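What the coordinates show
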Amino acid sequence: MQRSRGKCYRVFSGALVLLFNYKVFMTFTKQQFKQFYDKVGSEIGWDFSKVKYISEGVEWDFYDEVIKKSKKTDILLDIGTGGGEKILEIAKNFKSITAIDNSQVMIETANKNLSKSGLNNVNFTLMDADNISFPDNTFNIISCRHSVFNPFEVYRLLLKNWLFLTQQVGEADKNNIKDFFGRGQSFCVKDWTKMKEYVSDLKKAGFAKVDTYEYDATEFYKKPEDLIFLLKNTPIIPDFGRKDWDFEKLDDFIKDNISSEGIRTNSKRYMIIAEK
C-alpha cells in the first residue's frame, strides 16, 4: 500500500495483496510502548491539563458518565489508571476505588498524587489487566479509559446487573495529522475496527447488553507548543521529534491547518457500556 495525503492504496501483485497498514509503517511493539508509557509516567503521569485547546462536538465526559451510572456506596475498579489524575478528581463520588496499571512508574506517580490529595478511599495497585487478583463479583462499576482490558476478567469481577464502561480512541483520531506525516497510530486502519472487536468479545464473555456511542469532535490547539507537547507524549505519531524533519513537517502542517481559533485537528472517541 502506498500512502499519499488523505488516501490509502492497496497494491495488487497477482493474488497477493500487499496491505502495509500502520503495523508496517511505524508503530510500537508491546515492549516499545511500555518503555514509552513509562517515560511519560515518570515525566507527567497522564496529565495533559496544561495543554491549551478548545473542542467542538464533544458529546460526553467519560468520568462524568461513570459517576452518572454510580452511587456513593459503590466500589469502583479503574483499569489502566495512568497517573491517577482523573480518579482522584472523582473519588468523592464512591465508597472506595481500586485503580490498577501495569506500569510501576505510573503507579509511583499515582501514589505521589494520592499523597498530595489527602484522600483515604483510593488504592493504586500495580497489576496487569489480564490477571486482576480480586475475587469474582467484587465491583459495582468498572471503568477503563484509553487502555487495554480483558473482557473475560471484567465480566468475572463485576457484580450481576452492574456496568462496565470504557472509552477508547477511534482509528480516525487526529486523521489530518497522520495523513500529513504518512504514519501514525492506527494509520490506514478502517474506523471502528477495534470497537467492533471489543463488542464481540464482551458478548462472548457473557455481557447481556452492550451499547456503543461515538463522536468526532473538532479540536483547536492554541499554540504550536501545545500540539508539540501532545505529539511528544502520546503515540499519535510514533517517535515524534526524534528526527529534525518531524518539526519541519509539523511547521507545514500548522500553516495548512491554522485559523483564528487555533491549529485544527479532530478527536475521535467511542464509548462502550456493557451490562452484566
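Throughout what follows, the structure given in this document is the object of discussion. Remember, it's a predicted structure, so these values are computed and weren't measured experimentally. (Residues numbered from 1 in each chain as written. Predicted model: local features only at pLDDT ≥ 70, side-chain atom pairs only at ≥ 80, totals over all residues. Heavy atoms only, no water.)

A closer look at the overall build of the protein chain
What the protein chain contains, in helices and strands, is 10 helices and 13 strands. Of all 276 residues assigned to the protein chain, the portion counted as buried reaches 47%. (Helix = DSSP H or I, 4+ residues; strand = E, 2+ residues; numbered from the N terminus. Buried < 20%, exposed > 50% of the residue type's maximum accessible area, 1.4 Å probe, protein only.)

As for the side chain of lysine 174
Along the chain, the position of lysine 174 falls in the loop between β10 (158-169) and α7 (175-181). Note on lysine 174: relative accessible area 2%, which makes it buried.

Side note on the pairing of strand β9 (residues 139-145)
Counting buried residues in β9 gives six out of seven residues, a clear majority hidden from the surface. Across four bridges, the pairing between strand β6 (residues 75-79) and β9 is parallel. Across the sheet, aspartate 78 pairs through a bridge with serine 143, a residue of β9. Note that β9 and β10 share six bridges and pair parallel. In the sheet register, phenylalanine 139 faces β10, and the bridge partner there is leucine 158. Handedness of the crossover joining β9 and β10 through helix α6 (residues 151-157) is recorded here as right-handed. (Pairing = 2+ DSSP bridges. Right-handed = clockwise from strand over helix to strand, strands pointing away.)

As for helix α8 (residues 193-205)
Under the 1.5 Å per step criterion, the end-to-end length of α8 is 19 Å for 13 residues, consistent within 8% with the ideal 18 Å. Taken as a whole, α8 has its buried residues at Met195, Tyr198, Val199, Leu202 and Ala205. Buried residues of α8, viewed axially, fall in a sector of 125°; they line one side. Of the exposed residues in α8, those oriented more than 90 degrees away from the buried face are Lys196, Lys203 and Lys204. In the core, the buried residues of α8 are packed alongside α6, β10, β11 (209-221) and β13 (262-275). Remark: glycine 206 follows α8 within two positions and exhibits a positive phi of approximately 125°. (Expected span 1.5 Å × (residues − 1). Arc of directions from axis to C-beta. Contact = heavy atoms within 4.5 Å.)

Re the nonpolar core
Ranked by size, the top nonpolar core spans 25 residues in total, and within it Ile79, Ile142, Phe164 and Phe207 carry the most contacts. Every element with two or more residues in this core is listed here: β6, β9, α6, β10, α8 and β13. A total of five residues in this core trace back to one element, the largest contributor, which is α8. Excluding residues that lie within four positions of it along the chain, isoleucine 79 makes contacts with Ile100, Ala129, Ile132, Ile142, Ser143, Cys144, Arg145, Ser147, Val148, Phe149 and Val154. (Core = buried A, V, L, I, M, F, W, Y, C linked by side-chain atoms within 4.5 Å.)

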